[in-house]
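# Commentary on secondary and tertiary structure
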Amino acid sequence: MRLDKFLKVSRIIKRRTVANDACDSGRAQINGRVAKAGTQVKQGDVVTLFFGDKEFSFRILQINENAKKQDCSEMYEVIDEQV
């Protein structure tokens, strides 16, 4: 699954266009490497997002094409959240 689609389906970022812009501007990393929106993600990947002074890191636990609101939190595990 593409990184921008995962961010939208897991509800980490509300809109896919916002996720796409965040990824393409260099504010996303997968396993320590800068990632574009089209980068494929898999289970076990560690994703880090940078928004201003905030840093949000999480590990992908499962990938679902569609997820209900109550199931979204099971798709990832928060590792670190810095303000």
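The structure under discussion appears in the preceding block.
Read on for a plain summary of the structure. Model, not experiment: these values are computed from the prediction.

The rules behind each value
Residues numbered from 1 in each chain as written. Predicted model: local features only at pLDDT ≥ 70, side-chain atom pairs only at ≥ 80, totals over all residues. Heavy atoms only, no water. Pairing = 2+ DSSP bridges. Helix = DSSP H or I, 4+ residues; strand = E, 2+ residues; numbered from the N terminus. Buried < 20%, exposed > 50% of the residue type's maximum accessible area, 1.4 Å probe, protein only. Polar contact = N/O pair within 3.5 Å; in protein donor to acceptor, adjacent residues only side chain to side chain. Contact = heavy atoms within 4.5 Å.

## As for the sheet that holds strand β2 (residues 33–34)
Spatially, β2-β1-β3-β4-β5 is the arrangement adopted by the 5 strands of the open sheet, whose pairing is antiparallel. Pairing within the sheet leaves two strands with one partner each, and these edge strands are β2 and β5 (76–82). Where strand β1 (residues 28–30) and β2 come together, 2 bridges link them in antiparallel fashion. In the sheet register, Ile30 faces β2, and the bridge partner there is Arg33.

## Points about the pairing of strand β4 (residues 54–60)
Summarising the sheet, strand β3 (residues 46–51) and β4 pair through 6 bridges and their orientation is antiparallel. Residue pairing for β4: Phe51 is matched across the bridge by Lys54. Counted along the chain from β3 to the antiparallel partner β4, the turn is 2 residues long, and its residue Gly52 has a positive phi close to 60 degrees. Strand direction decides the pairing type here: β4 and β5, joined by 6 bridges, are antiparallel. Residue Phe58 lies in a different strand from β5, and its bridge partner there is Val78.

## Digging into the side chain of Asp4
Here Asp4 is to be found in helix α1 (residues 3–9). According to the relative accessible area criterion, Asp4 is buried, its value standing at 1%. A distance of 3.3 Å separates polar atoms of two side chains, one belonging to Asp4 and the other to Arg16. For Asp4, the side chain forms a polar contact with the side chain of Asn20, separated by 3.5 Å. Every residue in contact with Asp4, bar those within four places of it in the chain, is listed here: Arg16, Ala19, Asn20 and Ala37.

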